[in-house]
Amino acid sequence: MPSEPVEEYDAIVIGAGVSGMYALHHLREMGLAVRVYDGATDVGGTWWYNRYPGARVDGPGSPFYCYAFSDELMKEWDWAETQSEQSAVLDYLEHVADRFDLRRDIQFETWVEDARYDEAEQRWTVETSTGVRASARFLICAVGALSTANMPEIPGIHDFAGECYHTGRWPHEPVSFEGKRVAVIGTGSSGIQSIPEIAKQAAHLTVLQRTPQFAFPAGNRPITPAEMAEARANWDALREKMYAHGSGFPFDPYPARSAFDDTPEERRAHYEALWQRGGFGFFLDLYSDIAISEEANATLADFVREKIREAVHDPETARKLMPDHFVITKRPILHDGYFETFNRDNVALVDLREDPIECFTKTSVITASGEHPIDMLVLATGFDAISGTMLRLDPKGRGGVPLHERWADRFHNYLGMTVSGFPNLFMIHGPGSPGVFYNMPLGAERQLNWIGDFMHVLSERGFGAVEPTPDAEDAWFDEVVGIANATLFPRTDSWWTGANIEGKPRYFSAYLGGSIYYQRIADVAGQDYPGFRFEPLQASGDAKAS
Ligand code: NA7
């Protein structure tokens, strides 16, 4: 069969989620010909896939979990709740797609199956699941930090004949739990958000817990029209605050107080006030040494364990729910009635550390203590996060070298966006960037604005390709790891450290410096891009240059 002709663009964007949507808008505004590919049927990325019951924003939340590039967009969109439901975030993203006419340049239901750099042409060529082939000077990987589902390999799991859903691949048709015996594996954010909702409907729910978690009250509440009006009236100042704060949300600077600047009574009163208020602000108003000092961390961990003990009636169940790692060193979780759910008669908790899963059968899960008959299995088992989807894409760089080879020992990158041997490839929210530690729509915007400026510089100066030097990558690695190692974060197994995926390089790969990161990348641009190697535009590449 003759192969499809190759479509030519200036930039190919992989992914039509929060980052890919802005990539398209921004690069198109710069006058580039851009094509976006996404496997889903519409925009939204992670928000399109994660439709499980109870799915909500579990960060600082609305109305500031949003793009900041358009005043009009801010002014015309109303957010109903502080912890927006998944469907509300998706409505917003669909509105953005309509408003900026994004869909005309997005090809949906199309997976990029191969991406390959051509050194002579200085261009990337992609092959897709629909047979479309395309080439472009720039490849923007907006593939998501939480988009490759982690499917547990447990003996017999494929024999289970009942309904089985992963929270990150939830069906679009309604799922009924009515009258069913359901088991949930996983007690991260997705498990802890969905378990109370499933328990309300199911005949029986078995929670299969590997690691007990610290979870904090979500504090979800309606956003009043007056609050929306105030946010709009003060938008310029609030956006400045978002830019300045390490989280990308408009909070006051982090407190510069140690947990031991207060007496035990004052400290407890502080935790109690934050607990009663709820929401992610809890973590942003904490003492400054909670993630640094073991002793300070223990004061909060003890407080939360006490709250769990108070919420759960059965002491044996409460014991199993007691987390024993440093608090906040796994992704902090916001919950709405999670611990209280274990007081229901139809809910049972299995502690897999004491009572491990042996296998699944057609109709049950068997743990060391016996058989649990089930009709439905919910896998809230998370993602091969941060680097996983880049590795699944596995682009081939100079000399046809695949990314998985370059990343065998660690996720080599410079500024969290570029990789040596992979010229003109840019990652959004990749390893080495703040990614999930920052307001993600704003973070994507800031990275893409930087990338757009860089592309402009390249074309102005007649360069055809750019990539970082290995030395710059090594120095960046030292910086990323140096910041993380000054904290307790790397000392707990989590998806932040890659510990949830067997065989993955294990280290804390996100840039924890928050707004310092954006200063660092601005400085690199201001100093005329030290750490990069530039290549003049080749004659063959010239013919296809925009
Ligand atoms: P997470 O936070 O990675 O949670 C996954 C959960 O699944 C966690 O409790 C894991 O236990 C558990 N898990 C994973 N594999 C297994 C196996 N094989 N057996 C038993 N238990 C398992 O993913 P989420 O989807 O909840 O949240 C991801 C992020 O999305 C979230 O942090 C927000 O940022 C949004 P473990 O703790 O690894 O022992």
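### So, helix α17 (residues 515–526)
Under the 1.5 Å per step criterion, the end-to-end length of α17 is 16 Å for twelve residues, consistent within 8% with the ideal 16 Å. Of all the positions in α17, only Tyr517, Tyr518, Ile521 and Val524 are classed as buried. One face of α17 carries all of its buried residues, which in axial projection span an arc of 120°. Within two residues after α17, Asp528 carries a phi angle of roughly 65°, on the positive side.

### Considering the site of the ligand
Contacts to the ligand come from 19 residues, most closely from Thr187, Ser190, Arg210, Thr211 and Lys330. Taking Arg210, its side chain carries an N or O atom lying 2.8 Å from an oxygen atom of the ligand. Separating an oxygen atom of the ligand from a backbone N or O atom of Ala380 is a distance of 3.2 Å. Within the complex, the protein chains bury 86% of what would otherwise be the 780 Å² of accessible surface of the ligand. Taken together, the residues of the shell around the ligand sort by class into seven nonpolar, nine polar and three charged.

### Examining helix α5 (residues 189–201)
Ile195 marks the point of greatest bend in α5, at about 35°, and the proline Pro196 comes within the next four residues. With ten of 13 residues buried, α5 lies mostly within the body of the structure. What α5 keeps buried is the set Ser189, Ser190, Gly191, Ile192, Gln193, Ser194, Ile195, Pro196, Ile198 and Ala199.

### Overview of the sheet that holds strand β12 (residues 347–351)
The strand order across the open sheet built from five strands is β7-β16-β8-β9-β12, with neighbouring strands paired in parallel fashion. Both edges of this open sheet fall to β7 (163–166) and β12, since each of them pairs with a single strand only. Within the sheet, the average angular offset between the axes of one strand and its neighbour, ignoring direction, is 15°. Where strand β8 (residues 181–185) lies against strand β16 (residues 376–379), four bridges are found, and the strand directions are parallel. Directly across from Val184, in β16, lies its bridge partner Val378. Docked against the sheet, α5 engages β8, β9 (204–209), β12 and β16, running at close to 155° with respect to β9.

### Some remarks on the domain arrangement of the protein chain
Domain assignment breaks the protein chain into domain 1 (6–43 + 102–148 + 384–536) and domain 2 (157–221 + 248–379). Listed by partner, the interface residues are 15 residues for domain 1 and 16 residues for domain 2. Together domain 1 and domain 2 conceal approximately 1300 Å² of surface at their shared face, both sides included; 59% is due to carbon and sulfur atoms. Taken together, the links from domain 1 to domain 2 amount to one salt bridge. Counting the contacts that link domain 1 with domain 2 gives six residue pairs in polar contact (both at pLDDT 80 or more). Residues that form the side of domain 1 that touches domain 2 fall into these classes: seven nonpolar, five polar and three charged.

Rules and cut-offs
- Residues numbered from 1 in each chain as written.
- Predicted model: local features only at pLDDT ≥ 70, side-chain atom pairs only at ≥ 80, totals over all residues.
- Heavy atoms only, no water.
- Helix = DSSP H or I, 4+ residues; strand = E, 2+ residues; numbered from the N terminus.
- Expected span 1.5 Å × (residues − 1).
- Buried < 20%, exposed > 50% of the residue type's maximum accessible area, 1.4 Å probe, protein only.
- Arc of directions from axis to C-beta.
- Near = heavy atom within 4 Å.
- Polar contact = N/O pair within 3.5 Å; in protein donor to acceptor, adjacent residues only side chain to side chain.
- Areas by Shrake-Rupley, 256 points an atom, 1.4 Å probe, with all protein chains shown as cover.
- Nonpolar A, V, L, I, M, F, W, Y, C, P; charged D, E, K, R; others polar.
- Bend = angle between axes of the 7 residues up to and from the residue.
- Pairing = 2+ DSSP bridges.
- Axes fitted to C-alpha atoms, helices over the stretch in contact; angles between N-to-C directions.
- Contact = heavy atoms within 4.5 Å.
- Domains from an automatic or database assignment.
- Buried area = accessible area lost by both parts, 1.4 Å probe.
- Salt bridge = Lys/Arg side-chain N within 4 Å of Asp/Glu carboxyl O.

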